[in-house]
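Spelled out from the first residue to the last, the chains are:
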Amino acid sequence: MAVAGLPNYRSDHALAIVNMALDMQKSVLKFNKLNNLSFQIRVGISTAPVVAGVIGLKKFAYDLWGDTVNTASRMESHGIPDHIQICEATYHVLKDEYLLEARGLIKIKGKGEMMTYLLQGVK
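The rules behind each value
Residues numbered from 1 in each chain as written. Predicted model: local features only at pLDDT ≥ 70, side-chain atom pairs only at ≥ 80, totals over all residues. Heavy atoms only, no water. Phe/Tyr/Trp six-rings, centres within 6.5 Å; stacked < 30°, edge-to-face > 60°. Buried < 20%, exposed > 50% of the residue type's maximum accessible area, 1.4 Å probe, protein only. Helix = DSSP H or I, 4+ residues; strand = E, 2+ residues; numbered from the N terminus. Contact = heavy atoms within 4.5 Å. 1 Å grid on protein atoms, 1.4 Å probe; cavity = no way out; pocket = protein on both sides within 12 Å on 5 of 7 lines; lining within 4 Å. Points joined across faces, edges and corners; volume = space filled by probe spheres on them. Nonpolar A, V, L, I, M, F, W, Y, C, P; charged D, E, K, R; others polar. Patch = residues over 30% accessible without salt bridge, like charges linked within 9 Å, V, L, I, M, F, W, Y side chains within 5 Å. Areas by Shrake-Rupley, 256 points an atom, 1.4 Å probe, with all protein chains shown as cover. Salt bridge = Lys/Arg side-chain N within 4 Å of Asp/Glu carboxyl O. Core = buried A, V, L, I, M, F, W, Y, C linked by side-chain atoms within 4.5 Å.

Visitor: Tell me what's going on with the packing of aromatic side chains, and back it up with residues and numbers.
Guide: Throughout the structure, instances matching the rule amount to two aromatic pairs. Aromatic side chains phenylalanine 31 and phenylalanine 39 sit 5.9 Å apart centroid to centroid with 45 degrees between the ring planes, which places their arrangement in the tilted category. When its relative accessible area of 40% is taken as the criterion, phenylalanine 31 is described as partly exposed. Phenylalanine 39 gets classed as exposed once you look at its relative accessible area, which sits at 51%. Ring centres of tyrosine 91 and tyrosine 117 lie 4.0 Å apart, and the angle between their planes is 10 degrees; this geometry places the pair in the stacked category. Separated by 26 residues along the polypeptide, tyrosine 91 in helix α3 (residues 88-94) and tyrosine 117 in strand β6 (residues 112-122) bring together distant segments of the chain. Relative accessible area serves as the criterion here: at 21%, tyrosine 91 is assigned to the partly exposed category.

Written as structure tokens, this is what we have:
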């Protein structure tokens with residue numbers, strides 16, 4: 001799990017997380033090539049507010065909660081290996097700067113049908 005724009009707000013949070021996801025894909029491809037392996041990753045991204053804070057009394061952990069976290073998790077778990085799947089809210093933030101392919105409506109556990117998109121790269 002990764003988040004952009006916390007603890008300090010940044011207006012380009014969606015762009016930052018998408019660029020990180022694209023870099024992750026490149027790194028896995030490079031690693032596979034160097035080691036003659038075939039690891040695959042799925043990445044799911046959702047853009048919306050979250051609740052964040054430190055939990056614990058003896059061992060502290062910074063954690064995130066909310067529907068955005070659940071949606072990002074579902075984008076990943078219902079995604080396709082070697083792809084970055086995003087929700088509709090993220091699509092609207094990225095559509096002018098990134099190549100996006102409509103995957104269509106898919107049934108998402110606990111959420112029903114959602115329109116999803118696959119990130120192809122930078123325009």
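There is more to say after this.
Visitor: Please set out the side chain of threonine 116 residue by residue, giving values where relevant.
Guide: Mapped onto the fold, threonine 116 is located in strand β6. Residue classification places threonine 116 among the buried positions, given a relative accessible area of 0%. Apart from the residues within four sequence positions on either side, threonine 116 is in contact with Met75, Gln85, Ile86, Glu101, Ala102, Arg103, Gly104 and Ile106.

Visitor: Can you tell me about unusual backbone geometry, naming the residues and giving the values?
Guide: Residue proline 7 is bonded to the preceding leucine 6 through a cis peptide linkage, with omega at 0 degrees. Counting through the fold element by element, proline 7 comes out in the segment before α1 (13-35). With a phi angle near 50 degrees, asparagine 36 is a residue other than glycine that sits in the positive phi range. Its place among the elements puts asparagine 36 in the loop between α1 and β1 (42-45). For aspartate 82, which is not a glycine, the phi torsion comes out positive at approximately 70 degrees. Relative to the assigned elements, aspartate 82 resides in the loop between α2 (67-77) and β4 (83-87).

Visitor: Give me the layout of surface pockets: which residues, what numbers.
Guide: Taken as a whole, the largest pocket spans an internal volume of roughly 620 Å³. Along its surface, the largest pocket is lined by 28 residues, and Ala2, Val3, Ala4, Ile17 and Ser46 are the ones closest to its centre. Of all the secondary structure elements, the ones that give two or more residues to the lining of the largest pocket are α1, β1 and α2. Broken down by element, the lining of the largest pocket gets its largest block of residues, six residues, from α1. Among the residues forming the lining of the largest pocket, the class breakdown is 19 nonpolar, seven polar and two charged.

Visitor: I'd like a description of a nonpolar patch on the surface, backed by residues and values.
Guide: Residues Val3, Leu6, Val54, Phe60 and Tyr62 make up a contiguous nonpolar surface patch of about 480 Å² in total accessible area. Among the secondary structure elements, tyrosine 62 is positioned in strand β3 (residues 61-65). When its relative accessible area of 44% is taken as the criterion, tyrosine 62 is described as partly exposed.

Visitor: Could you give an account of the nonpolar core, naming the residues involved and the relevant values?
Guide: Counting residues in each nonpolar core, the largest one holds 14 residues, and the members touching the most others are Val18, Ile45 and Ile84. At the level of secondary structure, the elements contributing two or more residues to this core comprise α1, β1, β4 and β6. The element best represented in this core is α1, accounting for five residues. Ranked by size, the runner-up nonpolar core spans five residues in total, among them Cys87, Ile106, Ile108 and Met114.

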